[in-house]
Amino acid sequence: MPTEHSQSHFTDHGKVISHANIRFSWIWLFPLLAFLTTAWFFWNNWRSEGPTIEVEFHEAPGIQANKTLLFYRGVAAGAVTDVKLDEHLSKAIVQIRLKAFAAPLSQAGTLYWIDQPVISLAKTSGLSSIIQGNSIQARLGEGPRTTHFIGMEKMPLHPLEAPGLILKLTAHEIPYLEEGSPITYRGITIGGVMRKEILTDGNSVVIAAIQKQYIGLIHSNSHFWMLPAASLKVGPNGIQTEIQNLKNMLLGTIAVDTFQAPQEEVKNGASFKLASSEQEARSGNEGATFHLYAQEIPTLYVDAPVLHRGIIVGKIEKKEMNSEGKPFITIFIKQEFLNTLHEKSVFWRLPGTKIQAGPGIIKMEISSLQSLLQGGIAYDSLTTDQGSVAEAGSSFPLFSNEQAARLSPEPLKMTFDDGQGLLAGETQVRYLGVPIGLVEEVHIKHHHVEVTAYLAPGYDVLRKPDTSFSIVHPKLRLDGLSGIETLVSGVYIECTRPTKSSKRLVHFMDRIWKRVAREKIEEKK
């Protein structure tokens with residue numbers, strides 16, 4: 001039987017000890033921080049990104065994926081994520097990921113262009129791209145959200161914001177304007193030329209942009225005109241020359257003003273006529289056009305003056321060819337001078353210089369500097385029977401000079417063995433040294449030279465059988481030198497006054513007896 005001592009020997013004296021708390025090891029802190037930082041960066045980048053758009057360019061020089069940036073007002077608003085060609089390999093497609101704050105740049109009407117160095121007289125831009133590389137620029141538009149845009153080939157005239165007013169300025173010819181040419185109002189630049197186009201009717205049109213703050217200066221009765229870079233004035237005080245500046249001289253400038261009380265304001269797309277000068281703009285655009293035709297129209301330019309008795313009443317609008325290949329001129333006559341043009345009015349070219357030569361006399365006259373440079377046209381009614389006022393669009397013949405315009409309409413024909421020195425439209429017919437007619441045509445017929453001339457009214461008495469006509473050349477003889485004036489004026493045809501027959505004759509022969517003798521010889525052969 002076990003004793004008490006033995007029982008105590010087997011007694012369990014163990015103690016229950018609780019497990020110590022599990023502690024986080026410092027070694028896990030760094031991976032956790034890295035994970036949280038990466039997640040924050042991803043979340044922040046996702047939150048800062050906006051929509052993805054595609055811009056279609058004709059070409060994309062210097063544009064690289066994940067490198068080229070999109071800028072709006074100088075702030076990076078996105079980045080290029082991909083650059084590729086379309087399926088036809090004809091366009092470059094640039095994919096751009098916008099920033100969240102730049103999401104409005106996905107609105108329709110937003111303009112995109114590649115900013116690259118441009119150095120010209122009109123403007124200099126993109127110089128920073130020489131160092132930083134080409135970038136893409138944008139100008140915010142107004143419209144619904146979209147993802148596809150057509151990029152511009154050039155930077156717009158107003159890169160920050162759209163112009164307030166777009167106008168069309170029409171003219172027959174616009175030679176001295178380029179993209180970026182300024183539009184001024186009383187010396188202040190308020191806009192510029194965006195581009196030049198050709199209309200279906202052949203006229204030229206200038207697309208002009210006016211800045212928003214100057215919209216109120218343009219009204220329906222405003223006038224636009226070409227501002228000359230230099231002007232020349234000749235007067236009693238001498239010659240005065242005014243030069244605006246070199247840029248205007250090379251690019252051209254348009255001026256605008258409202259000469260009367262301003263009327264209503266205009267809207268986008270309004271059309272105005274572009275006058276060639278301030279004088280034309282002030283005189284208004286009211287009037288009518290007429291057509292002049294001739295075999296040849298040299299030394300006449302668009303905007304050359306049309307005069308009536310020394311007063312400028314209009315201008316040449318354009319020179320064209322008809323369906324038969326013959327040239328004709330369209331002229332514009334101002335409204336207040338339309339009653340000076342009648343059905344029987346005659347037109348002639350106004351030469352810049354005039355040379356008259358006679359026995360012992362050589363005289364030169366210069367009409368005006370303008371007619372010397374551009375030429376000109378004059379008209380008048382040379383008979384008492386003027387007829388009624390000409391209707392708009394009527395056609396008239398254009399004579400080579402005033403002398404030809406004043407001649408009788410009935411032709412006079414002459415035949416010569418030799419036509420050396422005879423010039424159509426220039427050779428004169430003289431009687432007693434006085435010009436009384438002009439040679440209109442010279443051609444060869446049956447081995448002879450046939451001349452068609454017109455005489456001035458009142459000299460029909462010379463149309464008689466025994467009137468003789470001879471060509472006067474300069475001659476050196478033993479008794480002296482004759483015809484010296486022809487060295488300046490050219491040869492001319494001299495007629496001798498008839499003394500017997502009074503029968504009218506429209507065909508004369510030079511040296512009839514020689515011709516008769518020649519015919520007899522030919523018959524014998």
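1. Digging into the overall build of the chain
Each helix and strand in the chain was counted, giving nine helices and 36 strands. For the chain, the proportion of contacts with a sequence separation of at least 24, taken over those separated by at least 6, is 70%. Carbon and sulfur atoms make up 57% of the accessible area of the chain, which amounts to about 32600 Å² in all.

2. Digging into the pattern of salt bridges
This model, assessed by the stated rule, comprises 10 salt bridges. Close ionic contact of R309 with D380 constitutes a salt bridge, the shortest N to O distance being 3.1 Å. Highlighted residues: R309 in the loop between β20 (305-308) and β21 (311-321) and D380 in strand β26 (residues 377-380), separated in sequence by 71 residues. The exposure class assigned to D380 is buried, which follows from its relative accessible area of 12%. A salt bridge links K318 to E320; its shortest N-O distance comes to 3.9 Å. Owing to a relative accessible area of 32%, E320 belongs among the partly exposed residues under this scheme.

3. As for the sheet that holds strand β2 (residues 69-72)
Ordered in space as β5-β8-β2-β3-β4-β1-β9, the seven strands form an open sheet in which the pairing is mixed. Looking at strand neighbours, the two that pair on one side only are β5 (111-115) and β9 (148-150), the edges of this open sheet. Direction aside, neighbouring strands of the sheet carry axes that sit 30° apart on average. Of the pairings in the sheet, the one linking strand β1 (residues 49-57) to strand β4 (residues 92-99) comprises seven bridges and is antiparallel in character.

4. Some details on the sheet that holds strand β18 (residues 270-275)
Strand order in the closed barrel formed by seven strands is β10-β13-β12-β11-β17-β14-β18, and the pairing between neighbours is mixed. Neighbour-to-neighbour, the strand axes of this sheet turn through a mean angle of 35°, independent of strand direction. As paired elements, strand β11 (residues 182-185) and strand β17 (residues 253-257) share two bridges and run parallel to each other. When the bridges of β17 are listed, I183 appears paired with I254.

5. Looking at the packing of aromatic side chains
Taken as a whole and judged by the stated rule, the model has five aromatic pairs. For the pair Y112 and F149, a centre-to-centre distance of 5.1 Å together with 65° between the ring planes defines the contact as edge-to-face. Taken as a pair, Y112 in strand β5 and F149 in strand β9 lie far apart in primary sequence, 37 residues in all. Residues Y112 and F149 agree in their burial class; the two are buried. Aromatic rings pair up to connect F347, Y379 and F396 into one cluster. Over the aromatic face of F332 sits the side chain of K273, whose NZ or CZ is 5.1 Å from the ring centroid. The ring of Y492 has R430 lying over it, and the distance from NZ or CZ to the ring centre is 4.1 Å.

6. A closer look at the nonpolar core
In terms of nonpolar packing, the biggest core is built from 22 residues, with L167, I218, F224, I254 and L274 touching the most fellow members. Contributing elements (two or more residues each) for this core: β10 (165-171), β11, β12 (188-198), β13 (204-210), β14 (223-227), β17 and β18. At four residues, the largest contribution of residues to this core is made by β10. Listed in part, the 21 residues of the second largest apolar core include A294, V306, I331 and Y379.

7. A look at unusual backbone geometry
Backbone geometry places N66, a non-glycine residue, at a positive phi of 60°. Along the chain, N66 turns up in the loop between β1 and β2. Using a relative accessible area of 68% as the deciding quantity, one classes N66 as exposed. Positioned with a positive phi, R73 is a non-glycine residue whose angle comes to about 55°. One can find R73 in the loop between β2 and β3 (75-85). Exposure remark for R73: the relative accessible area of 49% places this residue in the partly exposed category.

8. Topic: the environment of S135
With respect to the secondary-structure elements, S135 resides in strand β8 (residues 135-139). In sequence terms S135 and A76 are 59 residues apart; their C-alpha atoms lie 10.0 Å from each other. Not counting the four nearest positions on each side in its chain, S135 is found in contact with T68, L69, F71, W113, I114 and D115. Polar contacts involving the side chain of S135 include one to the side chain of Q137, which spans 3.3 Å.

9. Examining the pairing of strand β22 (residues 327-334)
Burial runs high along β22: eight of the eight residues are buried. Of the two faces of β22, the one carrying P327, I329, I331 and I333 and the one carrying F328, T330, F332 and K334 are both buried. By the bridge criterion, seven bridges tie strand β19 (residues 287-293) to β22 in an arrangement that is antiparallel. Counted as the bridge partner of G287 is K334 from β22.

10. Quick notes on the confidence of the model for the chain
Should the pLDDT be low somewhere, the predicted coordinates at that spot are not to be read in detail. Looking at the chain as a whole, the pLDDT averages 79, with 74% of positions reaching at least 70. Below a pLDDT of 50 lies the segment residues 355-367, which in the model reaches 23 contacts outside its immediate sequence neighbourhood of four places, other chains included. Predicted confidence for residues 501-506 stays below pLDDT 50, and this span has 19 contacts to residues more than four positions away or in other chains.

11. As for the environment of I311
With respect to the helices and strands, the residue I311 is situated in strand β21. Relative accessible area serves as the criterion here: at 46%, I311 is assigned to the partly exposed category. For I311 and A378, which are 67 residues apart along the polypeptide, the C-alpha to C-alpha distance reads 9.3 Å.

12. So, the environment of H447
Residue placement: H447 occurs in the loop between β30 (434-445) and β31 (448-455). In sequence terms H447 and F416 are 31 residues apart; their C-alpha atoms lie 9.7 Å from each other.

13. Regarding a nonpolar patch on the surface
Nonpolar side chains collect at one region of the surface, where L32, L33, F35 and L36 lie side by side and expose about 400 Å² of accessible area between them. With respect to the secondary-structure elements, L36 resides in helix α2 (residues 29-48). Note on L36: relative accessible area 48%, which makes it partly exposed.

The rules behind the values
Residues numbered from 1 in each chain as written. Predicted model: local features only at pLDDT ≥ 70, side-chain atom pairs only at ≥ 80, totals over all residues. Heavy atoms only, no water. Helix = DSSP H or I, 4+ residues; strand = E, 2+ residues; numbered from the N terminus. Contact = heavy atoms within 4.5 Å. Areas by Shrake-Rupley, 256 points an atom, 1.4 Å probe, with all protein chains shown as cover. Salt bridge = Lys/Arg side-chain N within 4 Å of Asp/Glu carboxyl O. Buried < 20%, exposed > 50% of the residue type's maximum accessible area, 1.4 Å probe, protein only. Pairing = 2+ DSSP bridges. Axes fitted to C-alpha atoms, helices over the stretch in contact; angles between N-to-C directions. Phe/Tyr/Trp six-rings, centres within 6.5 Å; stacked < 30°, edge-to-face > 60°. Lys NZ or Arg CZ within 6 Å of the ring centre and 35° of its normal. Core = buried A, V, L, I, M, F, W, Y, C linked by side-chain atoms within 4.5 Å. Polar contact = N/O pair within 3.5 Å; in protein donor to acceptor, adjacent residues only side chain to side chain. pLDDT = per-residue confidence, 0-100. Patch = residues over 30% accessible without salt bridge, like charges linked within 9 Å, V, L, I, M, F, W, Y side chains within 5 Å.

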